[in-house]
Structure formats: C-alpha cells, structure tokens
Amino acid sequence: MTFDPVPFFEPDSSDAPFSSLDLNRMPVHIGCVMDGNGRWAQKRGLPRTDGHAAGEAALMDTIYGCLEVGVRWLTVYAFSTENWRRPIDEVRFLMNFNESLLLRRKDELDQQGVRIRFSGRRDWRVPRKVLKRMDESAIQTAKNDKLTLTIAFNYGGRAEIIDAVRSLINSGIKASDVNEKSISKFLYHPEAPDPDLVVRTSGEYRISNFLLWEIAYSELVFTDVLWPDFRREDLYKAIYEFQGRNRRYGKVRE
Ligand code: IPE
Ligand code: IPE
Ligand code: MG
C-alpha cells in the first residue's frame, strides 16, 4: 500500500482572491464534508484510495485558507461511523492514511498555530496506533489558538447524540432539567461554537450524519468540486455565498 506523499508547500497569501470577502463577517466555525475522493480517482482510472491520498492537498490548502482569512474553527469529516461498511482494503487504507497524515503534518500544523483534536468514538475498531497518533497530535498542539482543527473520525452525529444522552442520564439529571443547554454540555466538544457554515463537496446534497445537533442553524453550501480538487479559492467562494445569506433563526427579518 504505497502512495506518493503530497509535498509540503508554503502558505501563499499574495494572490489568493479574498478581496470580495467581508473580513468583518467571517464565519467563526466552518464544517467540511470532504466528499468525492473515490470519483476523483475513478475519473482518472486510478484506485479509489489514490483519491483519498490526493485529498491531503485539499485539506492543507483549506486549513491555510482558514488561517489566512481568520476562521477560528474548522471541523472536517474524515471517517464516518458508516464508512466501516466499505471494502476492508479501503477501510484499512483510510486508517493508515489518516495516521500517516498526522505524522507528516503535525509539526507543520503546530508551527502554524493549529490546535488539532478529534471528534468521534474511540471504539475497538480504530487501530491502537491510530489512536496513539491522534493523542500525540492533540497533546502536541493543545496550546495553539489560531485555528482549532477538529477531525471527525469514526464520527456519527447520531452516535454523538446517543453518547451525550447516555452521559446525561449517568449524571443523574432530572427529566425536567433536560434541555438544549444540558444536552449540549455532553456533546464531544461542548465549548465549540455551532458551525456557521457547512460546505459539502462532490455535488451530493445531504449531510450524511455530520454534526446533526450542531448544524440546526448552519448555512449549507454545496459545490460540485470533488474534494481532491478543492482549494482555498473554493472555500472563499463558499464563504462569499454564506455572506450573502440572511440568517433569521426563525425570526422575521429586521
Ligand atoms: C470521501 O470521499 C472520503 C470518505 C468518505 C472517507 P469518498 O470516498 O466518499 O468518495 P466518493 O463519494 O465515493 O466519490
Ligand atoms: C460522508 O461521505 C463521510 C465523509 C466525508 C467522511 P460519504 O461518501 O460516506 O457519504 P454518503 O455515503 O455519500 O452519504
Ligand atoms: Mg462519498
């Protein structure tokens, strides 16, 4: 199982087209459903796994894009609780790939002031060496505060709600005290603001179990770009679309 690692590259802010963005109205938290890797590879006659490998460049450029325009929270969907249903070889590749990506990129991300952490279930199916690398990356970057990169790995929105409800019951709470606030307190990362914007690539118009509780009032932007082709310019386009939206939260427009 070999693939060419994506080369390191320097962040480049000189020519990025963010001039149309209103830097005072940036989304605080962006969620990304990184989809379309398999189709990207198949279009080129390559194995699906090459598409996952090519997604690394997209992820890094998206992170640099967030750093450049001052987005403080980025949550990326890397492996869902449903993705275990894929062929064993692809699952194994994804486990190894994510582990090696952390190894390759953690120092670079650390230097950029990125705090890496994870969202999802740490169950027996996640290989120990992957868990170890996750812990190591999270500990090394824990004090960084420019951007919090949350990697949703073995993550499911329903699983997160189930885990929250279990913890809530274990806390001995009275039924009459259960409310949005008490449930939110038991989510994986209760202090994270809800995403303002969720971007999904590859022309699929669905959420696929991503951050179900947290996206109640997120703006959703869908793009046909396949994840391995996604770059910060595509992120800026999504942010531009977000800035044109009128968020009402159920109220009437003022
Ligand atoms: C997203 O790309 C990556 C993961 C789900 C891990 P896919 O592998 O789903 O690519 P498509 O949707 O089959 O093209
Ligand atoms: C969502 O993509 C999960 C990730 C991007 C990790 P999928 O490709 O698994 O979603 P579906 O199957 O098209 O809904
Ligand atoms: Mg997919």
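Everything that follows concerns the structure shown earlier in this document.
Residues numbered from 1 in each chain as written. Chains lettered and ligands numbered in written order. Predicted model: local features only at pLDDT ≥ 70, side-chain atom pairs only at ≥ 80, totals over all residues. Heavy atoms only, no water.

### Some details on the overall build of the protein chain
Inference 1: Along its length, the protein chain carries seven helices and six strands.
Inference 2: In sequence order, the protein chain lays out its α and β elements as β-α-α-β-α-β-α-β-α-α-β-β-α.
Inference 3: Relative to the 2.2 N^0.38 estimate, which gives 18 Å for 254 residues, the radius of gyration of the protein chain is 18 Å and therefore close to what a compact globule would have.
Inference 4: Judged by the C-alpha coordinates and their principal axes, the protein chain covers about 55 × 45 × 35 Å.
Inference 5: For the protein chain, the residues scored as buried account for 51% of the 254 residues in total.
Inference 6: Sequence-distant contacts in the protein chain: of pairs separated by 6 or more residues, those separated by 24 or more amount to 80%.
Inference 7: About 13300 Å² of surface is accessible on the protein chain, with carbon and sulfur atoms providing 51% of the total.
Inference 8: Within the protein chain, the 37 negative side-chain charges are centred at a point lying 5 Å from the centre of the 38 positive side-chain charges. (Helix = DSSP H or I, 4+ residues; strand = E, 2+ residues; numbered from the N terminus. Rg over C-alpha atoms; globule rule 2.2 N^0.38 Å. Buried < 20%, exposed > 50% of the residue type's maximum accessible area, 1.4 Å probe, protein only. Contact = heavy atoms within 4.5 Å. Areas by Shrake-Rupley, 256 points an atom, 1.4 Å probe, with all protein chains shown as cover. Lys, Arg positive; Asp, Glu negative; His and termini not counted. Charge placed at Lys NZ, Arg CZ, Asp CG, Glu CD.)

### Some thoughts on the layout of surface pockets
Inference 1: A volume near 670 Å³ is recorded for the largest pocket.
Inference 2: Put simply, the parts of the chain that give the lining of the largest pocket at least two residues each are helix 1 (37-43), helix 2 (48-69), strand 2 (73-80), helix 3 (88-111), helix 4 (128-141) and strand 4 (147-155).
Inference 3: Considering only residue class, the lining of the largest pocket consists of 17 nonpolar, nine polar and nine charged. (1 Å grid on protein atoms, 1.4 Å probe; cavity = no way out; pocket = protein on both sides within 12 Å on 5 of 7 lines; lining within 4 Å. Points joined across faces, edges and corners; volume = space filled by probe spheres on them. Nonpolar A, V, L, I, M, F, W, Y, C, P; charged D, E, K, R; others polar.)

### A look at the site of ligand 2
Inference 1: Close contacts around ligand 2 come from Val33, Met34, Asp35, Tyr77, Ala78, Phe79, Asn83, Arg86, Arg200, Arg206 and Ser208, and that covers them all.
Inference 2: Take Asp35: an N or O atom from its side chain is 3.2 Å from an oxygen atom of ligand 2.
Inference 3: Within the contact set of ligand 2, an oxygen atom lies 3.3 Å away from a side-chain nitrogen or oxygen of Arg200.
Inference 4: When ligand 2 is considered free in solution it has 390 Å² of accessible area, and contact with the protein chains removes 78% of it.
Inference 5: Judged by the fraction of its atoms near the pocket grid, ligand 2 is located in the largest pocket.
Inference 6: When residues in the shell around ligand 2 are grouped by element, the largest group, three residues, is from strand 2.
Inference 7: Across the shell around ligand 2, the residue classes break down as five nonpolar, two polar and four charged. (Near = heavy atom within 4 Å. Polar contact = N/O pair within 3.5 Å; in protein donor to acceptor, adjacent residues only side chain to side chain. Sits in = over half its atoms within 2 Å of the grid points.)

### Comments concerning the site of ligand 1
Inference 1: Inspection of the region around ligand 1 gives 13 residues, with Asp35, Gly38, Arg39, Arg48 and Arg86 positioned closest.
Inference 2: Here an oxygen atom of ligand 1 sits 3.4 Å away from a polar atom, N or O, in the main chain of Gly36.
Inference 3: In this structure, an oxygen atom belonging to ligand 1 sits 2.7 Å away from a side-chain N or O atom of Arg86.
Inference 4: Under a 2 Å grid-point criterion requiring more than half of the atoms, the pocket assigned to ligand 1 is the largest pocket.
Inference 5: Among the secondary structure elements, those contributing two or more residues to the shell around ligand 1 are helix 1, helix 2 and helix 3.
Inference 6: Of all the elements, helix 1 adds the most residues to the shell around ligand 1, at three residues.
Inference 7: Across the shell around ligand 1, the residue classes break down as three nonpolar, five polar and five charged.

### Here's the deal with the pairing of strand 2
Inference 1: For strand 2, the buried fraction is high: eight of the eight residues fall into the buried class.
Inference 2: Examined bridge by bridge, strand 1 (residues 29-33) and strand 2 share five bridges and lie parallel to one another. In the sheet register, Val33 faces strand 2, and the bridge partner there is Tyr77.
Inference 3: Alignment of strand 2 against strand 4, held across seven bridges, turns out to be parallel. Pairing of Phe79 across the sheet is with Phe153, part of strand 4. (Pairing = 2+ DSSP bridges.)

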